[in-house]
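Report on the structure
Listed here are the chains, written in short residue letters.
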Amino acid sequence: MHVSYHGHSVVKIKTEKHTILIDPFITGNELTDLKAGEENPDAILLTHGHGDHVGDTVELAKRSGALVVAPNELAVWLSWQGIETHPMHIGGAYNFEFGRVKFTQAFHGSSFIKEDEQEIIYTGMPAGVLFTAEGKTVYHLGDTALFSDMELIGKRHPADIAFVPIGDNFTMGPEDAAYAVGLIKPKIAVPVHYDTFPPIKQDPEQFRKMAEGTDVRILKAGEGIDL
């Protein structure tokens, strides 16, 4: 399995037979190396409904035929946009052809905002994603605050790699993120969700220094790790 980071919270997982994208915010993401028109995922996993995570999901799914797996309300709303979705919810797991997906809790929000119409569409509970395939587990925390049950999640689902938000303001900052990886105890931790916008500018080295005892890999867009 090859797992790569592509700016903000975009993660690509390539197994022997499948390509999975998590939170494919490509268009409008100045930090990504990806081009939406060149991506052909087999599946798209979404943590919540904010635009900087749903991103290019509808266009990607329509072109590639990718199955979109998301928390229930978000999956239902996206299905109305003409794509194939599989609704799930926190605590639930499902075995797909491309791997096993389980949603965890996350403390954040989830909505689609129509600024021109001053309308906010509620898209259910936010979540983290546990993805397991080929004997490896990837934990994408989504957007979240620190919470003590991260320790329980880590014990129940030992992660080979965890993608951890460090941007502060909307999610955990470096200090809380470092504490989080101490609870989860992944083999590798990768900081995400930082530097994309002014309120979430961060120095990932600060996170690395505080996360003592954890193998922290600071990845540039396009860089990856073989698990």
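See above for the structure.
Residues numbered from 1 in each chain as written. Predicted model: local features only at pLDDT ≥ 70, side-chain atom pairs only at ≥ 80, totals over all residues. Heavy atoms only, no water.

On to the environment of histidine 18. By the element assignment, histidine 18 lies in the loop between β2 (11-14) and β3 (19-22). It is 6.0 Å that separates the C-alpha atoms of histidine 18 and phenylalanine 98, two residues lying 80 residues apart in sequence. If sequence neighbours within four positions are ignored, histidine 18 has contacts with Ile13, Asp42, Glu97 and Phe98. (Helix = DSSP H or I, 4+ residues; strand = E, 2+ residues; numbered from the N terminus. Contact = heavy atoms within 4.5 Å.)

Turning our eyes to something else, we now look at the sheet that holds strand β4 (residues 43-45). The strands making up a sheet associate through backbone hydrogen bonding, with each pair oriented either parallel or antiparallel. In space, the seven strands of this open sheet follow the order β6-β5-β4-β3-β2-β1-β16, with mixed pairing throughout. With partners counted over all chains shown, the strands left at the sheet margins are β6 (85-88) and β16 (224-226), one partner each. Across the sheet, the mean angle separating the axes of adjacent strands is 20 degrees when strand polarity is ignored. In the packing of helix α3 (residues 72-79) onto the sheet, contacts are made with β5 (67-71) and β6, and the angle to β5 comes to roughly 140 degrees. (Pairing = 2+ DSSP bridges. Axes fitted to C-alpha atoms, helices over the stretch in contact; angles between N-to-C directions.)

Residues Ile90, Tyr122 and Met125 make up a contiguous nonpolar surface patch of roughly 300 Å² in combined accessible area. By the element assignment, isoleucine 90 lies in the loop between β6 and β7 (93-96). The partly exposed category is assigned to isoleucine 90, whose relative accessible area is 33%. (Patch = residues over 30% accessible without salt bridge, like charges linked within 9 Å, V, L, I, M, F, W, Y side chains within 5 Å. Areas by Shrake-Rupley, 256 points an atom, 1.4 Å probe, with all protein chains shown as cover. Salt bridge = Lys/Arg side-chain N within 4 Å of Asp/Glu carboxyl O. Buried < 20%, exposed > 50% of the residue type's maximum accessible area, 1.4 Å probe, protein only.)

If you walk across this open sheet you meet the seven strands as β7-β8-β11-β12-β13-β14-β15, and the pairing is mixed. What marks the edges here is a single partner per strand, and that holds for β7 and β15 (215-216).

As for its position among the elements, asparagine 29 is in the loop between β3 and β4. The exposure class assigned to asparagine 29 is buried, which follows from its relative accessible area of 5%. Polar contacts involving the side chain of asparagine 29 include one to the main-chain carbonyl oxygen of phenylalanine 25, which spans 3.0 Å. Within polar-contact distance, the side chain of asparagine 29 engages the backbone nitrogen of leucine 31 at 3.0 Å. Those residues within four positions of asparagine 29 in sequence are excluded, and the remaining contacts are His6, Gly7, His8, Val10 and Thr196. (Polar contact = N/O pair within 3.5 Å; in protein donor to acceptor, adjacent residues only side chain to side chain.)

Going through the model one piece at a time under the given rule, you end up with five salt bridges. In this structure, glutamate 39 engages lysine 12 in a salt bridge whose closest nitrogen and oxygen atoms are separated by 2.9 Å. Within this pair, whereas glutamate 39 is found in the loop between β3 and β4, its partner lysine 12 is found in strand β2, the two being separated by 27 residues in sequence. As a salt-bridge pair, lysine 187 and aspartate 160 come within 3.3 Å of each other at their nearest N and O atoms. Highlighted residues: lysine 187 in the loop between α5 (174-184) and β14 (188-192) and aspartate 160 in the loop between α4 (150-156) and β13 (161-165), separated in sequence by 27 residues. Its relative accessible area of 57% is what places lysine 187 among the exposed residues.

So, on to the nonpolar core. Core analysis: the biggest nonpolar cluster contains 50 residues, and Ile13, Leu45, Val69, Phe98, Val101, Phe131 and Phe163 have the highest contact counts within it. Sequence-distant contacts of phenylalanine 163, that is, excluding residues within four places in its chain, are made with Val3, Tyr5, Val11, Val138, Tyr139, His140, Leu141, Val190 and Val192. One finds Ala61, Val68, Ala75 and Leu78 within the second-largest nonpolar core, a separate group that totals 21 residues. (Core = buried A, V, L, I, M, F, W, Y, C linked by side-chain atoms within 4.5 Å.)

The sheet contact formed by β7 and strand β8 (residues 99-105) spans four bridges and is antiparallel. In the strand pairing of β8, tyrosine 94 is matched with valine 101. Once β7 ends, the chain turns through two residues before running back antiparallel as β8.

Let's shift gears to the environment of isoleucine 161. You can see isoleucine 161 is positioned in strand β13. Residue class for isoleucine 161 comes out buried when judged on its relative accessible area of 0%. In this structure, the C-alpha to C-alpha distance between isoleucine 161 and glutamate 73, residues 88 residues apart in sequence, is 28 Å. Those residues in contact with isoleucine 161 that lie beyond four places of it in its chain are Thr137, Val138, Tyr139, Pro186, Ile188, Val190, Ile225 and Leu227.

A few words on α5. Restricting attention to buried positions, one finds in α5 the residues Pro174, Ala177, Ala178, Ala180, Val181, Leu183 and Ile184. For α5, the secondary structure elements touched by its buried residues are β12 (136-140), α4, β13, β14 and α6 (204-210). Just downstream of α5, lysine 185 is the residue with a positive phi angle, here 60 degrees.

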